[in-house]
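# Observations on the model geometry
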Amino acid sequence: MAPWHPVANAHASEWLLRQGAMDTPYAVVRRFAFGDPNHPDVWFRVVTSAARSEGRELICW
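Residues numbered from 1 in each chain as written. Predicted model: local features only at pLDDT ≥ 70, side-chain atom pairs only at ≥ 80, totals over all residues. Heavy atoms only, no water.

## Section: the pairing of strand β3 (residues 41–48)
- Relative to β3, strand β2 (residues 27–34) is paired through 8 bridges, and the arrangement is antiparallel. The partner of R30 across the bridge, within β3, is R45.
- Hairpin connection from β2 to β3: 6 residues lie between these consecutive antiparallel strands, with G35 at a positive phi of about 100°.
- Inspection of the sheet shows β3 paired to strand β4 (residues 58–60) by 2 bridges, in the antiparallel sense. Residue pairing in the sheet places V46 in a bridge with C60 of β4. (Pairing = 2+ DSSP bridges. Helix = DSSP H or I, 4+ residues; strand = E, 2+ residues; numbered from the N terminus.)

## Describing the sheet that holds strand β1 (residues 13–17)
- The 4 strands are arranged β1-β2-β3-β4 in an open sheet whose pairing can be described as antiparallel. Each of the sheet's edge strands pairs with one partner strand only, and the pair in question is β1 and β4. Averaged over all neighbouring strand pairs, the angle between strand axes comes to 30°, with direction disregarded.
- With 5 bridges connecting them, β1 and β2 associate as antiparallel partners. (Axes fitted to C-alpha atoms, helices over the stretch in contact; angles between N-to-C directions.)

Purely spatial values, then, with no claim about function.
As structure tokens, this is what we get:
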């Protein structure tokens, strides 16, 4: 097993999905890019929205 994990090198960006500009978010999308900076592997993780991470549920990768 490698002594590092790919997520350790990730640079995430995050978006909140909502119906309108003032509505409560219903999902959180986070982008992970890691590996070769010129050709990174890019993954997206989508979870339900909640005030705390413990209250969020995974929708998909």
